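Observations on chain architecture
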Amino acid sequence: MCGIAGIYSLDNNNFNYNYNKIKNCIYKIRHRGPDAQKIWYLKKNKNLILGHSRLSIIDLSEKGGQPMRSLKNNFVISYNGEIYNHKDIKEKLKKEFKLSFFGSSDTEVLLKSIEFYGLDKTLKLIDGMYAFALWNDKTKTLYLVRDRFGEKPLYFFLNEDKTEIEFSSELTEVNKTSKLNKEAISNYFKFGYLPFNQCIYKNWGKVKPGEYIKISINKKKKKLQSKKKIYWSPKINTYDKYKKNYLSLDQDIRKFENVFLKSVSRCLISDVKTGTFLSSGIDSSLVTTFAKEIKTDIKSFTLSVKNDKIYNEAINSKKISDYLNVDNEVFEIDQDEILNNLKNCILSFDEPFADSSQVLSYILAKKIKRKTKVILTGDGADEMFCGYNRHIIAFQLAKFQKITKINSSLMNYLIKLGCEIPSKKILSNFFSYPVVKLKKINEFKNFSDLNHLYEMLIVNNNTVNNVNKLNYKNNNISDYNKLFNKILEHDLKNYLPNDILVKVDRSTMHSSIEAR
């Protein structure tokens, strides 16, 4: 895991200025890679500069250093991430092309794979998290590439006359004249995060999950031209599709265990200490269980808040770690420590971000900084396995409609009627924050149709005035089964990359921890 930055300019007269800019950028993001900082540039034209700040995880020697050039100097890469199946790809390359390798890093494998298989085939082969800049010296083309789900960030800025593009892992060297993006601010208040197609600053953008941007020179216009390509997007496995392929519960459990064990095993590949976050929930407990099966000396870490029934996880995490025979270290904090870390936590995020768990994630990463470099988390499981309240509610409504064959208009009326029943006392038996949930339920009484209800379920602030600004009528949701599937799709394509993965990356990388 690392930090990357670079500039590609048609005007090499700005070389000294641009070089210093990338140098400053790499210095500012050294928390992402404190082990080494290097800069490479095209010696001939001096119009391309690539910077890299390294967090050494695999092949700790200088052989894994970056930016890295291919053997024939056709390609240069500045890469942030981990390729979990790099050993398999390495053997494949050895067998097919009789290649030898200089070191044991996944960077070298990625670079050689691109050189011999091409970028598109390589992106189909690799399993991992990554964001990288790739220079093809033969075609004089720059590629900005981001992983499938958007685990690793990559920002870019193309100037107005299209003569220069700069990019980086974080928004550290933003021009002071850059204006705030008002539409992005509006979406922040709706969702609590910024969508992947928007940046807090105007004219800045983000490479989307599963996308790469090809940047080349239009010689006639003497401008940079860019072409975007979505090389991968998630397939939504709806409940109906699942039921068609369903064999038996036992068979599905065995299949899941095999897939999950393989995934955890790959994520444990490292040349440094590896641990797990253990929050006592299902997700992190399962990750720790399988990690222990593969790596018997695995260590886990728990954060517990004193005198807080919701966030005091020490008791349950101890029960789990004792059962698994895992060495679990608990860090107990109080409200004062949370407040003392709040400002630095907020500043560690490039853009406005309102997931309350970011503070605790930030503090826990800070606590384990001297203890491990790699951590496995349970984040992302709720989006994959329908773990949120909105999933359960939408699924049960879809199931009820299917059994009773009630039309959507009558269902809407019954839901609005049902919203009148709950009280704070009743909700306290089911939810952590009954007052907040009661407020949301009261607001649901005002939805006009299923498209409107969908928008109210996915926004952070679901007041009618706020949601009315969204273009909810274009969702074409006609029944509650479609509502359920639409929510799943939204969480996988939007909430996961824009909230959960942002939280994990920023809160851990600020303490030079690679979270997987």
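Look up: the structure comes first, before these words.
This text gives an overview of the structure that appears in the document. Just so it is clear, the model here is predicted, and its values are computed rather than measured. (Residues numbered from 1 in each chain as written. Predicted model: local features only at pLDDT ≥ 70, side-chain atom pairs only at ≥ 80, totals over all residues. Heavy atoms only, no water.)

**Looking at unusual backbone geometry**
With an omega of -5°, the peptide bond running from Gln 66 to Pro 67 counts as cis. Residue Asn 73 is not a glycine yet carries a positive backbone phi of 60°. Looking at where Asn 73 falls in the secondary structure, it is placed in the loop between β4 (68-69) and β5 (75-83). For Cys 386, which is not glycine, the phi dihedral falls at a positive 55°. Within the secondary structure layout, Cys 386 lies in the loop between α12 (381-385) and α13 (389-404). For Cys 386, a relative accessible area of 29% translates into the label partly exposed. (Helix = DSSP H or I, 4+ residues; strand = E, 2+ residues; numbered from the N terminus. Buried < 20%, exposed > 50% of the residue type's maximum accessible area, 1.4 Å probe, protein only.)

**Topic: the nonpolar core**
By size, the foremost hydrophobic cluster in this structure holds 50 residues, and its most contacted members are Ile 368, Tyr 480 and Leu 483. At the level of secondary structure, the elements contributing two or more residues to this core comprise β14 (299-305), β15 (327-333), α10 (335-347), α11 (357-367), α13, α14 (408-418), α17 (450-458) and α19 (480-509). Among the elements that take part in this core, α19 stands out by supplying 12 residues, more than any other. Apart from the residues within four sequence positions on either side, Leu 483 is in contact with Leu 450, Leu 453, Tyr 454, Leu 457 and Ile 477. Tyr 79, Leu 93, Val 109 and Tyr 212 belong to the second-largest nonpolar core, a separate cluster that totals 24 residues. (Core = buried A, V, L, I, M, F, W, Y, C linked by side-chain atoms within 4.5 Å. Contact = heavy atoms within 4.5 Å.)

**Some remarks on the packing of α10 against α11**
At a minimum axis distance of 9 Å, the contact between α10 and α11 shows a crossing angle of 95°. Looking at the two axes, α10 sits roughly perpendicular to α11. Where α10 abuts α11, its residues Glu 337, Ile 338, Asn 341, Leu 342, Asn 344 and Cys 345 lie against Gln 358, Val 359, Leu 360, Tyr 362, Ile 363, Lys 366 and Lys 367. Of the residues assigned to the contact of α10 with α11, the class counts are seven nonpolar, three polar and three charged. (Axes fitted to C-alpha atoms, helices over the stretch in contact; angles between N-to-C directions. Parallel < 35°, antiparallel > 145°, perpendicular 65-115°, else oblique. Nonpolar A, V, L, I, M, F, W, Y, C, P; charged D, E, K, R; others polar.)

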